[in-house]
Amino acid sequence: MPLFVWEARSSADGGETRRGELVAASEVQVIEALRRQGLRVLKVERRSLRRAPRPPVATDAAALIAALKALMALRTAGLGAAEALDLAARRAAGEVARALRSSQLAVESGTGLGEALAQHPAAFGALGVRVLAAADQRGVLDPALAGLCDLLAGAARTRRALRTIAARPLVAAAVLLAWLAALGTTIAPAAGFAYDRL
């Protein structure tokens, strides 16, 4: 789907101008989504994704987990998929927020929630995309979201533990080098001086 850059004016905030970008099937979809948010559309431009391809960026695990947990809580509270995505996107930032907003547009166009989220592998990862799409087809999306949150949290803990384990040999090597330097500069000459006196 193409990327659209938009500019709109808020009617509630005294006419504050807002800007953003959305991935949608058409310009009409973007305008409808912005109007549903209470914004008066000033400009919508289609941007080519071919012109400036962005490499997949590793999404911050904590931000992704927080967004998915917010989405789960809102769905559990009884909100519809589109409204839950909108509220979760307001709390998120960066790639996660863009993915949630784009998913909101897709859901409002009739796509299932899991299928809409599965269109964003850069934000949710390859495994997350497969899990969400399969869970949506089987009708077990909410338990799958909970499981995905647990899996992502476990992976983040594992990454932190591996960084800590990888740092320990470096610290030990630095201490050993410092000890050898001290041995070579202070202890050995002092021992040599004492040996000369005998």
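Residues numbered from 1 in each chain as written. Predicted model: local features only at pLDDT ≥ 70, side-chain atom pairs only at ≥ 80, totals over all residues. Heavy atoms only, no water.

Caption draft 1: Up close: the overall build of the protein. Assigned secondary structure in the protein consists of seven helices and three strands. What you see in the protein, going N to C, is helices and strands ordered as β-β-α-β-α-α-α-α-α-α. Counting over 198 residues, the protein shows a buried share of 31%. Put simply, of all contacts in the protein between residues at least 6 apart along the chain, 51% involve residues at least 24 apart. (Helix = DSSP H or I, 4+ residues; strand = E, 2+ residues; numbered from the N terminus. Buried < 20%, exposed > 50% of the residue type's maximum accessible area, 1.4 Å probe, protein only. Contact = heavy atoms within 4.5 Å.)

Caption draft 2: Layout of the pattern of salt bridges. Taken as a whole, this structure holds 10 salt bridges when the rule is applied. For Glu 45, the salt bridge goes to Lys 43, with nearest N and O atoms at 4.0 Å. Note on Glu 45: relative accessible area 31%, which makes it partly exposed. Residues joined in a network through salt bridges with shared partners are Glu 7, Arg 19, Lys 43, Glu 45 and Arg 47. (Salt bridge = Lys/Arg side-chain N within 4 Å of Asp/Glu carboxyl O.)

Caption draft 3: Spotlight on the side chain of Ser 103. Along the chain, the position of Ser 103 falls in helix 4 (residues 94-108). With residues up to four places along the chain from it excluded, the contact list for Ser 103 reads Leu 85, Ala 116, Leu 117 and His 120.

Caption draft 4: A look at the sheet that holds strand 1 (residues 3-10). Spatially, three strands are ordered 2-1-3 in an open sheet, and the strand pairing comes out antiparallel. Edge positions in the sheet fall to strand 2 (17-23) and strand 3 (39-47), since each of these pairs with one other strand and no more. Pairs of neighbouring strands in the sheet enclose a mean axial angle of 20°, with direction left out of account. For strand 1 and strand 3, the ladder comprises eight bridges, and the chain directions are antiparallel. Each residue of the ladder has a partner; that of Glu 7, found in strand 3, is Lys 43. Helix 1 (residues 27-36) rests against strand 1, strand 2 and strand 3 of the sheet, and its axis sits at about 150° to strand 3. (Pairing = 2+ DSSP bridges. Axes fitted to C-alpha atoms, helices over the stretch in contact; angles between N-to-C directions.)

Caption draft 5: Structural view of the packing of helix 4 against helix 6 (residues 121-138). Here helix 4 crosses helix 6 at 80°, and the two axes come no closer than 10 Å. Here helix 4 lies roughly perpendicular to helix 6, going by the angle between them. Contacts between helix 4 and helix 6 involve Glu 95, Ala 99 and Leu 100 from the first element and Ala 122, Ala 123 and Phe 124 from the second. Tallied by class, the residues present in the contact of helix 4 with helix 6 amount to five nonpolar, no polar and one charged. (Parallel < 35°, antiparallel > 145°, perpendicular 65-115°, else oblique. Nonpolar A, V, L, I, M, F, W, Y, C, P; charged D, E, K, R; others polar.)

Caption draft 6: Highlighting a positive patch on the surface. A cluster of like positive charges, contributed by Lys 69, Arg 157, Arg 159, Arg 160 and Arg 163, occupies part of the molecular surface. With four residues, the single largest contributor to the positive patch is helix 7 (residues 141-197). Within the secondary structure, Arg 160 is located in helix 7. (Patch = residues over 30% accessible without salt bridge, like charges linked within 9 Å, V, L, I, M, F, W, Y side chains within 5 Å. Areas by Shrake-Rupley, 256 points an atom, 1.4 Å probe, with all protein chains shown as cover. Lys, Arg positive; Asp, Glu negative; His and termini not counted. Charge placed at Lys NZ, Arg CZ, Asp CG, Glu CD.)

Caption draft 7: How the structure looks around the nonpolar core. Leu 68, Leu 100, Leu 117 and Phe 124 are the most contacted members of the largest nonpolar core, which totals 36 residues. Looking at this core, the element that brings in the most residues is helix 2 (residues 61-76), giving eight residues. Setting aside residues up to four positions removed in sequence, Leu 68 forms contacts with Phe 124, Leu 145, Leu 148, Cys 149 and Leu 152. Counting residues in hydrophobic clusters, the runner-up holds 12 residues, among them Ala 8, Leu 22, Ile 31 and Leu 39. (Core = buried A, V, L, I, M, F, W, Y, C linked by side-chain atoms within 4.5 Å.)

Caption draft 8: Expanded view of helix 1. Every buried residue belonging to helix 1 is among Gln 29, Val 30, Ile 31, Ala 33 and Leu 34, and all of these are buried. Buried residues in helix 1 make contact with strand 1, strand 2, strand 3 and helix 4. Of the residues trailing helix 1, Gly 38 is marked for its positive phi of about 80°.

Caption draft 9: Up close: the environment of Ala 156. Here Ala 156 shows up in helix 7. When its relative accessible area of 11% is taken as the criterion, Ala 156 is described as buried. C-alpha separation for the pair Ala 156 and Asp 60, spaced 96 residues apart in sequence, amounts to 9.5 Å.

So yeah, pure geometry; function would need other evidence.
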